[in-house]
Amino acid sequence: MNDDRLPPVAPEVTATLVEDLSPRLRKRLDAAVTKLAARPTHRDGDTTTIEVDDETALRLHAPGGVVAKAEDISCGCLLAPACVHRAAAACAAPTADTAPEPAEQPTSEALEAPGPSEALEVPEAPRPASAAAPGTPSPPETANPAQRAAADALWAAGAAVLEAGVDGAGAVTQSVLLRAAHTARLRHLPRAAGAALAVVTLLRAARAGDPSYRTADLVTALAELLGTARRVGTASGAELAAVRGRARRPYTPDGSLRLYGLFTEPVVTDSGHGGVRTWVAGADGRLFTVGDVAPGGAGRALGVADRAVRLGDSALTHRELGRAGLAVSGATVSPDGRLGAGKGVKAVTARGAAWTEPPLAALWETPPSEQVARALRSTSRYADPDGGGSDLLFLDVELLGAVREAGGTCLLALCEGGVRVRLAVADDDPALAHRDNLALLAAAPGARLRIIGRLAPAPHPRLTLLACSHPTGEGTVDLGLDRLRRADLPDPAAPARFAPPRPAGSVAQSPLYLLERRVEQTVPAGRAALGMLGDVTAEAVRIRRAGLPTAAALLTALCASAAQRDRDLFGRLLPADTDGFAAYWLAAARYTAAVAESLCSAAWDPTT
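Below: a short report on this structure.

Each value, and the rule that gives it
For every chain, the first residue of the written sequence is number 1, and numbering continues from 1 onward in sequence order. pLDDT decides what is reported in this predicted model: residues at 70 or higher carry local features, side-chain atom pairs at 80 or more are listed and counted, and totals for whole chains, interfaces and linings draw on all residues regardless. For side-chain calculations, the full set of non-hydrogen atoms in the structure is used, while hydrogens and water are omitted. Partly exposed residues are those whose accessible area sits between 20% and 50% of the maximum for their type, while under 20% is buried and over 50% is exposed, using a 1.4 Å probe and protein chains only. A run of DSSP states H or I qualifies as a helix once it reaches four residues; a run of E qualifies as a strand once it reaches two. Both are numbered from the N-terminal end. Salt bridge, as used here, is a side-chain nitrogen of Lys or Arg placed within 4 Å of a carboxyl oxygen of Asp or Glu. For two strands to pair, DSSP has to find at least two bridges joining them. Every axis corresponds to a line fitted to the C-alpha atoms, with the helix fit spanning only the stretch in contact, and the corresponding angles, defined between N-to-C directions, vary from 0 to 180 degrees. Two residues form a contact once any of their heavy atoms are found within 4.5 Å. When describing relative orientation, an angle under 35 degrees is termed roughly parallel and one over 145 degrees roughly antiparallel, while 65 to 115 degrees is termed roughly perpendicular and anything else oblique. Amino acids outside the nonpolar list (Ala, Val, Leu, Ile, Met, Phe, Trp, Tyr, Cys, Pro) and the charged list (Asp, Glu, Lys, Arg) are all regarded as polar, and Gly is one of them.

Observations concerning helix H3 (residues 84-92)
So, point 1. Among the 9 residues of H3, 8 are classified as buried, and the element is accordingly described as predominantly covered.
So, point 2. When H3 is considered as a whole, its buried residues turn out to be Val84, Arg86, Ala87, Ala88, Ala89, Ala90, Cys91 and Ala92.

A short note on the pattern of salt bridges
Side chains that carry opposite charge are capable of pairing whenever their charged atoms lie near each other.
So, point 1. With the rule as written, the count across this model stands at 27 salt bridges.
So, point 2. The residue glutamate 141 makes a salt bridge to arginine 244 at a minimum N-O spacing of 3.1 Å. With glutamate 141 in the loop between helix H4 (108-112) and helix H5 (145-168) and arginine 244 in helix H9 (residues 237-244), this residue pair connects regions lying 103 residues apart in the sequence.
So, point 3. Aspartate 482 is the salt-bridge partner of arginine 319, the closest N and O atoms lying 2.8 Å from each other. Of the two residues, arginine 319 is situated in helix H11 (residues 318-321) and aspartate 482 in the loop between strand E15 (476-478) and helix H14 (513-525); the sequence distance between them amounts to 163 residues.
So, point 4. Among the residues examined, arginine 319 registers a relative accessible area of 22% and is labelled partly exposed.
So, point 5. Here aspartate 482 falls in the buried class, since its relative accessible area comes to 18%.
So, point 6. Linked by salt bridges that have partners in common, Asp306, Arg319, Arg323, Asp478 and Asp482 make up one network.

A look at the sheet that holds strand E5 (residues 252-268)
So, point 1. The strand order across the open sheet formed by 5 strands is E7-E6-E5-E8-E9, and the pairing between neighbours is antiparallel. Each end of this open sheet is capped by a strand with a single partner; those strands are strand E7 (287-295) and strand E9 (346-350). Between one strand axis and the next, the sheet turns through 35 degrees on average, direction left out of account.
So, point 2. As paired elements, E5 and strand E8 (residues 325-333) share 7 bridges and run antiparallel to each other. Pairing of arginine 258 across the sheet is with alanine 327, part of E8.
So, point 3. Helix H10 (residues 297-304) rests against E5, strand E6 (273-282) and E7 of the sheet, and its axis sits at about 40 degrees to E6.

Digging into the packing of H5 against helix H18 (residues 578-603)
So, point 1. Contact geometry of H5 with H18 gives a least axis separation of 9 Å together with a crossing angle of 85 degrees. For the element pair H5 / H18, the angle class is roughly perpendicular. Counting all contacts with H5, which are made through Trp155, Ala159, Leu162 and Glu163, the residues of H18 involved are Thr578, Asp579, Phe581, Ala582, Ala583, Trp585 and Leu586.
So, point 2. Partitioning the contact of H5 with H18 into residue classes produces 8 nonpolar, 1 polar and 2 charged.

Right under this line is the structure:
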């Protein structure tokens, strides 16, 4: 059975089913999830059936595509409904996002109306901590007691994951996170709730051996969960609003827009979704996107590129829009720049602009270091979800040739200011054109191109390459969709546009990785495994000598906290200080992320 074939289950449903199990059945739950994953599954309309054995069937009813009630999971075994099978099915299924983003601007009534699960419990509305006297400014809003309690529960659940590690964070630990996430959403803390759901999804991927799982992703999700939960109790005013986040990200009216196509990129996700995203720019240089992503993988991405854009009455396909223009009236835009496709939106085809013509040419006039600073604000691991911004860079480069790396081959290029940048493949899927196009460009040293790439935060300048001007100088190339030919390459003897690159000196690796690896080592096996690693004095000395005293202190404190176990008067071990360890781990995770982003920014500055 592939869990992608199971309908998503609401977090509170999974939590309820696990909580209702007896202690004996909870011990058997992880084994039941694994066993159930090997059983045949078939879907008929809104009902998915799992054959538990030759005589027993387990059914998940998902009207509207989501299992929203515990009663919607039924089992035909003799112990039902108190059997382990119902809870195992819920744990094996994807977790539903109970607050999906609307396709277009919602009404104020829709924003206020509770969902089906929220009708069971009326959350206490946020309010100021104290009332102000008439005529005086109101004090900044702070979290109410219910929100602080929900945040405390999320913190405790996240700390328990750090204590147990991936190996010990089974279905029962995940259900505690799901219950805390559901409560947080009811208490108007959607950002923290979303982080908790992300942690559960990554835990399941790690325990299932999903090849797309990366420990670094779980580190980021856990740090986001713990950091957001901790800030709820101390934030106020605008900071509290950012910490709470938004349950829905509404589209807001933006009047009339004159848009110019930039490029179209294929989108293929690890969950099996595929489609495209077309980037356009306004007359003022703002970036917008029009997307079409749904289940289907790379095959769907290639097909959707030639379908009409869902925006007003436009007949342009995504490929065509990437090179043409639109005049839009009644436009609606989400905080991250997505254009809404509501009934009030009108769009007609208009003339586009070349990358060398206004207003698009201005995108390449900003110095690379300034573009990187802007992109880092968007790509920061712990950026405000409503902060907006784009992680795209617009550069003029001269190709230098291929460079072999541990993860494969990338393309080395020289951009203005003498900065060498590595251009990597945006997606390795063989159905897409990225890999073949990059290999072909690597065979054309000296070629001068105008490119668009996505910043890949690293200690050295690095982009994933998305689009470029055509090597012949005519038009542009969507590098994930269009396929270059050798005949498209320019004469390799063409004169260089930029000065020859500076000699490449050896760059010592920052000892920050010594702290980063301890942060990551905690996640797979938990606190106890980090506590058994031994003395880290030599590593701390090396970090301090490199001018990172804070990192050295964090490493020492983190490992000491992991190894600390006090005893009572009778010599018995006391429970570990999970809160203290989680606080040290969070500080180390956030610190390493901030320093890594600073190193990335410095790498793009030609004056450093």
